[in-house]
Amino acid sequence: ATAVPEAAMPQRAPRVSVLLPARNAAKTLPIALRSALRSRGVDFEVVAVDHASSDDTCAVLARFSALGARVRVVDAPASVDLGGALQIGLAACAAPYVARFDADDVMHPDRLRDDVAWLDARPHTAAVSSRVKLIPKRDARGAFASYVAWQNAAMSADDHAREIWIEQPLCHPATTFRRSVLVDAGGFHSGVPEDYELFLRLVVAGHRLEKRPAVHHAWPRNPGQSTRFRRDALASVKA
């Protein structure tokens, strides 16, 4: 019998939307997408936001979206920052859960399944993250490695609510949110450290942010990422 292409098969509504912004990420994006598409045990989609890329990011996304129905591409203009691009992507997410992921990260194949199971079993939890590891392993040292170790040590909602006044205790691209909570909270804001500001806003509103003990996210040590903000920006959000 002839196999039916994935795009021609009836598609069930996804349980989780992977929200992946990409800007000039053609070199790392194929590995990130392949890792996400290896996810097992749960229906999912990937909402990839091409954030005004000037390299081959658009071609990479077109190639992956042509392979099946799981990858959908939306565009964000250069006039918006990362928070604005994420907000555009959030509007396109169809699932009740939204899993953040970045274009240079690597996802464990069980992450989405286990995040969904965790949130299904805990209706009062707004978001769940996993522990993370730094890649490549040879660079997993120094101040940033200490920061990741500190993040990984904070596990409970109480830990996160306390430690967030020091720094961000959850890895944003390793976190899955209830879409309803994100929308009710106003989504992602612009002009601020969008990840830290969102987590702090959720904590102040009384939402529970939890962490699974598994290491289900590989995080590159890349000081040039757009998510790195100066301390005065974090202090301003705290104030």
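Everything below is about the structure printed above this text.
None of the values given here were measured: they were computed from a predicted structure.

Calculation notes
Position numbers for residues start from 1 in each chain and track the written sequence from start to end. Local features in a predicted model are, by the rule used here, given only for residues with pLDDT of at least 70; side-chain atom pairs are given and counted only at 80 or more, and totals for whole chains, interfaces and linings are based on all residues. With hydrogens and water excluded, all non-hydrogen atoms of the structure serve as input to the side-chain values. In this text, helices come from DSSP runs of H or I with a minimum length of four residues, and strands from runs of E with a minimum of two, each type numbered from the N-terminal end. In this treatment the radius of gyration is a C-alpha quantity, and the globule benchmark scales as 2.2 Å times the residue count to the 0.38 power. Note on exposure labels: buried denotes an accessible area under 20% of the residue type's maximum, exposed denotes more than 50%, and partly exposed covers the range between, all computed with a 1.4 Å probe on protein chains only. Whether two residues are in contact is decided by their heavy atoms, any of which lying within 4.5 Å being enough. Each accessible area is a Shrake-Rupley result for a 1.4 Å probe, and residues are judged covered by the shown protein chains and nothing else. In summary, the charge assignment counts Lys and Arg as positive and Asp and Glu as negative, without counting His or the chain termini. Where a charge sits is defined by one atom per residue type, namely NZ (Lys), CZ (Arg), CG (Asp) or CD (Glu). Pairing between two strands is assigned when DSSP locates at least 2 bridges connecting them. Arc, as used here, means the arc of the directions from the helix axis to the C-beta atoms.

### Concerning the overall build of the chain
Logical step 1: A tally of helices and strands in the chain yields nine helices and eight strands.
Logical step 2: Taking 18 Å as the expected radius of gyration for a compact globule of 239 residues, we find that the chain reaches 17 Å, a close match to that expectation.
Logical step 3: By its C-alpha atoms, the chain is 60 × 40 × 35 Å across when sized along the principal axes.
Logical step 4: Across the 239 residues of the chain, 52% fall into the buried class.
Logical step 5: Within the chain, contacts between residues at least 6 apart in sequence are counted, and of these 81% link residues at least 24 apart.
Logical step 6: Counting only carbon and sulfur atoms, one obtains 55% of the accessible surface of the chain, whose full area is about 11,000 Å².
Logical step 7: For the chain, the distance from the average site of its 31 positive side-chain charges to the average site of its 26 negative ones is 5 Å.

### Considerations on the sheet that holds strand E6 (residues 125–135)
Logical step 1: The sheet built from eight strands is open, its strands ordered E3-E2-E1-E4-E7-E6-E8-E5 with mixed pairing. The open sheet has two edge strands, strand E3 (71–76) and strand E5 (106–107), and neither has a second partner.
Logical step 2: Two elements, strand E1 (residues 16–22) and strand E4 (residues 97–100), share four bridges in a ladder whose sense is parallel. Its bridge partner being in E4, serine 17 is matched across the sheet by valine 98.

### Re helix H9 (residues 231–238)
Count 3.6 residues to each turn of an α-helix, and residues three or four apart come out pointing the same way.
Logical step 1: Those residues of H9 that sit buried are Ala233, Leu234 and Val237. All buried residues of H9 fall inside an arc of 100 degrees around its axis, so they share one side. Every exposed residue of H9 that faces more than 90 degrees away from the buried side is listed here: Arg231 and Ser236.
Logical step 2: Buried residues along H9 sit in contact with helix H8 (194–204).

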